[in-house]
Amino acid sequence: MPFVTADTQQSDYDVIVVGSGAGGGQSAYTLCMDGAKVLMLEAGRNYSHTESSMFRTPDVAPLRGASTPDKPFGFFDATVDGGWSVPGEPYVRASEEDAGRFEWWRARMLGGRTNHWGRISLRNGPYDFKPYSRDGLGFDWPIGYEDVAPYYDKVEMLVGVYGSNEGLENTPNSPARCLLPPPTPLVSDRLIAQRAKRLGIPAIPGHRAVLTRALDYKRIPARLHPGNARAQKILAEDMRARTPCLWATPCGYGCAIRANYQSITVHLPPALKTGNLDIITDAMVHEVTLGRNGRANGVNFIDRLSGQEKHSAARVVILAASACESARILLNSKSAQHPDGLGNSSGKVGRYLMDTVGSSVSGQIPLLENLPPLNEDGADGHALYVPWWQYPEQRAGKLGFARGYHIEFGGGKRMPGAGTGAGLEWLTGGGYGKKFKEDVRRYYGSFVRFDGRGEMIPNEQSYCEIDPGIKDKWAIPVLRFHWQWSEHEWRQAVHMQSTFAAIIDAMGGKTRHPVKTDGAEAIAPGGSIIHEVGGAIMGSDPATSVTNRWGQTWDVDNLFINDGAVFASNADKNPTLTIMALAWRASDHILERLRRKEL
Ligand SMILES: Cc1cc2nc3c(=O)[nH]c(=O)nc-3n(C[C@H](O)[C@H](O)[C@H](O)COP(=O)(O)OP(=O)(O)OC[C@H]3O[C@@H](n4cnc5c(N)ncnc54)[C@H](O)[C@@H]3O)c2cc1C
Ligand code: SF4
């Protein structure tokens, strides 16, 4: 009976996992495969990958699939019941100015944001866990790369990540046979790589959670679950049911053939198969409850279908509701013992919120005009990327900012949709009839785009707290966000702009808009890159952090945070692979302590 309700749930769960995205999915998988009884509580509705619109084309969508306030990433984007705003669930921004604004993307569905994320899966490097030791800014993590590396290996093998080992500085290699082979780059990617190389900028195969070939179901289960024959059998069967990528459809629609990573297609099916996982959907958790002994004994939630308050009990509670939402649950869990919220004796819950530094430049390349029509929708491009390459210049003090960025770039011909042929006037001077059609054919596929993804240093002015007045439709107090960039991030964004313009120039093209030289204008608003982390950072000292090296709150022994809230820094690498690796590591720790009857 895997999908249960508040009335049919059991009373003897080992662990409650709040949230079913990357952190929650990984936690449930690891715990259930090793025999723990888990109850997962998910605020969104039940959702299946079979709902994906991957085989539908923009011409059959309203407005040809154009983005709307309800569907900002287009009509067929996999997000349901979410986006930049969630009906009935507001949040407050202390500033509406671009420089101090924070945007919050939420998905209310089983699997959370893993249904439509970009699948870019980069490992943090050794420097990324010890940033303070290197430049005196921000915080070191209480763990190092060597602690997380074995879990990166496991996650890569389980979910299936393509990529290559290049041996570049702070860009870790994976052990042999962890990664799947990378795909063939598009012609636009090759041209970018060739011209970037002339500028000393290396473009190498990207790392994405997409199956370029079938997973090795004979070898991997034994490596992931040694000595656990049942788990190996379940995983082998599940791996065989996943199909390699067809290379023809946009991944943001979700993948009906299970070729990419979504927690609903990779983590939850084997976890459910064990019989150890129960799931309640439409369960909006708002409070961790404590027993008389001061330990967590469960959670209170609103059943969104009936509006009624419900309770679930377990020996251990894991919050994995996404970084800000986990901080919100902690802050709303007030009691006489914990008047400022649970886990908050340090006053650090909600603090040190970070996003990724983002800045973009697009351009048009005459060399790419009039190429033959091709479907280049497959796996969203991203066959190549540029890891941060200017460590020597930074060490020599030539850059004027700390930390680095990587470059995601793309071009090619997607299935034509609402925007096709629009906005060409800057190249054509305008046109209609036959000339317009010729222009569209000539220019379609000749555009390239560069997105910088850089490290933000945590600061005291970027945080969330409970708004004293506003509540959501369930009467749960909401978050208020404060946001501020520093000179480091602004200068980094300006560096991105000039780098991207130089590559476009080296390709013989021109930029679509003037390059921005003011950092505050060049940088995307906080939260808009959707890599928000922090809010319950891990550390070595209970006075300055919320959790220890296992994501276990200092204040409550059996309460763990298994999402991005625990990040003590936010490297340029996209966070989700690290969220999963940490969740697996913390879950192994929980299993060990459950076995020893310490929890
Ligand atoms: C368009 C897009 C592209 C992205 N691309 C990338 C990328 O390429 N690489 C990368 O690393 N990251 C990417 N990300 C970010 C990535 O999606 C997140 O880092 C990741 O999903 C975070 O995992 P999580 O488990 O913490 O949160 P989520 O995946 O958001 O899951 C949290 C779950 O908890 C549920 N929940 C929330 N509150 C409650 C509550 N109170 N009670 C019960 N349940 C609750 C939510 O409904 C949700 O299902 C992208 C995100 C978006 C939106
Ligand atoms: S490109 Fe591949 S991974 Fe992406 S949706 Fe299509 S089949 Fe799935």
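On a predicted model such as this, the values are computed, not experimentally measured, just so you know. (Residues numbered from 1 in each chain as written. Chains lettered and ligands numbered in written order. Predicted model: local features only at pLDDT ≥ 70, side-chain atom pairs only at ≥ 80, totals over all residues. Heavy atoms only, no water.)

1. Looking at the packing of helix H1 (residues 22–33) against helix H16 (residues 576–595)
- Where H1 contacts H16, the two axes come as close as 8 Å, and the packing angle between them is 35°. Remark: the crossing between H1 and H16 carries right-handed chirality. In this structure, H1 uses Ala22, Gly23, Gln26, Ser27, Tyr29, Thr30 and Leu31 to contact H16, whose residues at the interface are Thr576, Ile579, Met580, Ala583, Trp584, Ser587, Asp588, Ile590 and Leu591. (Axes fitted to C-alpha atoms, helices over the stretch in contact; angles between N-to-C directions. Helix = DSSP H or I, 4+ residues; strand = E, 2+ residues; numbered from the N terminus. Left-handed = near helix turned anticlockwise from the far one by under 90°. Contact = heavy atoms within 4.5 Å.)

2. Side note on the sheet that holds strand S13 (residues 463–471)
- Here three strands make up an open sheet; going across it, the order is S3-S14-S13 and the pairing mixed. What marks the edges here is a single partner per strand, and that holds for strand S3 (92–93) and S13.
- Pairing of S3 with strand S14 (residues 477–482), which is carried by two bridges, proceeds in the parallel orientation. Note that in S14 the partner of arginine 93 across the bridge is phenylalanine 481.
- This element, helix H10 (residues 323–332), spans S13 and S14 of the sheet and lies at about 120° to S14. (Pairing = 2+ DSSP bridges.)

3. Some thoughts on the side chain of arginine 208
- Within the secondary structure, arginine 208 sits in the loop between strand S4 (204–205) and helix H6 (220–224).
- Here glycine 118 takes part through its backbone oxygen, which lies 2.8 Å from a polar atom of the side chain of arginine 208. (Polar contact = N/O pair within 3.5 Å; in protein donor to acceptor, adjacent residues only side chain to side chain.)

4. A word on helix H14 (residues 487–506)
- In this model, H14 (20 residues) spans 29 Å end to end at C-alpha, consistent with the 28 Å of a helix rising 1.5 Å per residue.
- The complete set of buried residues in H14 reads Glu489, Gln492, Ala493, His495, Met496, Gln497, Thr499, Phe500, Ala501, Ile503 and Ile504.
- Positive phi appears at glycine 508, one or two residues downstream of H14, with a value of about 80°. (Expected span 1.5 Å × (residues − 1). Buried < 20%, exposed > 50% of the residue type's maximum accessible area, 1.4 Å probe, protein only.)

5. Here's the deal with unusual backbone geometry
- For leucine 63, which is not glycine, the phi dihedral falls at a positive 55°.
- Note that leucine 63 resides in the loop between strand S2 (38–41) and S3.
- Looking at leucine 63, the relative accessible area reads 60%, which means it is exposed.
- One non-glycine residue, tyrosine 352, adopts positive backbone phi at about 60°.
- Position of tyrosine 352 among the secondary structure elements: in the loop between H10 and strand S9 (357–364).
- Given a relative accessible area of 4%, tyrosine 352 falls into the buried group.

6. Here we look at the side chain of arginine 593
- As for its placement among the helices and strands, arginine 593 is situated in helix H16.
- You can call arginine 593 buried: its relative accessible area is 10%.
- In this structure, arginine 593 is in contact with Gln552, Asp557, Phe560, Glu598 and Leu599, ignoring residues within four places of it in sequence.

7. Structural notes on the site of ligand 1
- Lining the immediate surroundings of ligand 1 are 36 residues, of which Glu42, Arg113, Gly118, Glu325 and Thr576 lie closest.
- At 2.9 Å from a nitrogen atom of ligand 1 is found a main-chain nitrogen or oxygen belonging to isoleucine 120.
- Burial of ligand 1 by the protein chains amounts to 95% of its free accessible area of 990 Å².
- Elements with a contribution of two residues or more to the shell around ligand 1: H1, strand S6 (283–290), H10 and H16.
- No other element matches S6, which puts three residues into the shell around ligand 1. (Near = heavy atom within 4 Å. Areas by Shrake-Rupley, 256 points an atom, 1.4 Å probe, with all protein chains shown as cover.)

8. Digging into the packing of helix H4 (residues 145–160) against H16
- Running from amino to carboxyl end, H4 crosses H16 at an angle of 110°, the nearest separation of the two axes being 8 Å. Considering the angle they form, H4 stands roughly perpendicular to H16. In this structure, H4 contributes Asp147, Val148, Tyr151, Tyr152, Lys154, Val155, Glu156, Leu158 and Val159 to the contact, and H16 contributes Leu577, Thr578, Met580, Ala581, Leu582, Trp584, Arg585 and Asp588.
- Considering only residue class, the contact of H4 with H16 consists of 11 nonpolar, one polar and five charged. (Parallel < 35°, antiparallel > 145°, perpendicular 65-115°, else oblique. Nonpolar A, V, L, I, M, F, W, Y, C, P; charged D, E, K, R; others polar.)

9. Re the nonpolar core
- One finds Leu41, Leu158, Val159, Val288, Leu319, Phe450 and Phe481 to be the most contacted residues of the largest nonpolar core, which totals 116 residues.
- It is H4 that contributes the most residues to this core, nine residues altogether.
- Two domains share this core, each providing at least three of its residues, namely domain 1 (1–51 + 72–162 + 212–352 + 459–483 + 533–599) and domain 2 (167–205 + 357–454 + 486–522).
- Look past the residues within four positions of valine 159 in its chain and what remains in contact with it is Ala209, Leu211, Arg242, Tyr261, Val266, His267 and Met580. (Core = buried A, V, L, I, M, F, W, Y, C linked by side-chain atoms within 4.5 Å. Domains from an automatic or database assignment.)

10. Remarks on the sheet that holds S4
- Spatially, the six strands line up as an open sheet ordered S4-S10-S11-S12-S9-S15, and their pairing is antiparallel. Only two strands of the sheet have a single neighbouring strand rather than two, namely S4 and strand S15 (510–511).
- Relative to S15, S9 runs antiparallel, the two sharing two bridges. Looking at the pairing, glutamine 364 lines up with lysine 510 of S15.

11. A word on H10
- Counting buried positions over the 10 residues of H10 gives 10, a clear majority of the element.
- Along H10, the residues that are buried comprise Ala323, Cys324, Glu325, Ser326, Ala327, Arg328, Ile329, Leu330, Leu331 and Asn332.
- In this structure, the buried residues of H10 make contact with strand S1 (13–18), S6, strand S8 (308–319), S13, S14 and strand S16 (559–561).

12. A few points about the packing of aromatic side chains
- Enumeration over the complete set of coordinates arrives at 26 aromatic pairs.
- Measuring from ring centre to ring centre gives 5.3 Å for phenylalanine 75 and phenylalanine 76, while their planes differ by 70°; the resulting arrangement is edge-to-face.
- Using a relative accessible area of 35% as the deciding quantity, one classes phenylalanine 75 as partly exposed.
- The buried category is assigned to phenylalanine 76, whose relative accessible area is 5%.
- With 5.0 Å between their ring centres and 90° between their planes, tryptophan 84 and tryptophan 105 make a pair best called edge-to-face. A residue pair is termed long-range when its members are at least 10 positions apart, and tryptophan 84 in the loop between S2 and S3 and tryptophan 105 in the loop between S3 and helix H2 (126–129) qualify at 21 residues. (Phe/Tyr/Trp six-rings, centres within 6.5 Å; stacked < 30°, edge-to-face > 60°.)

13. Regarding the pairing of S2
- A two-sided burial pattern is seen for S2, the buried positions comprising Val38 and Met40 on one face and Leu39 and Leu41 on the other.
- Bridge count between S1 and S2: four bridges; the pairing is parallel. Within S2, the residue paired with valine 15 across the bridge is valine 38.
- Read as a crossover between parallel neighbours, the route from S1 over H1 to S2 is right-handed. (Right-handed = clockwise from strand over helix to strand, strands pointing away.)

14. What about the pattern of salt bridges?
- Overall, the coordinates contain 40 salt bridges when judged by the stated rule.
- The partner of aspartate 147 in a salt bridge is arginine 549, and the shortest N-O contact between them spans 3.7 Å. In this pair, aspartate 147 sits in helix H4 while arginine 549 sits in the loop between helix H15 (519–522) and S16, placing the two residues 402 residues apart along the sequence.
- Glutamate 592 serves as the salt-bridge partner of arginine 596, at 2.8 Å between the closest nitrogen and oxygen.
- Taking the relative accessible area as the measure of exposure, arginine 596 reaches 46% and is therefore partly exposed.
- Through salt bridges with shared partners, a single network forms among Glu89, Arg108, Asp282, Arg304, Glu325, Arg328 and Asp472. (Salt bridge = Lys/Arg side-chain N within 4 Å of Asp/Glu carboxyl O.)

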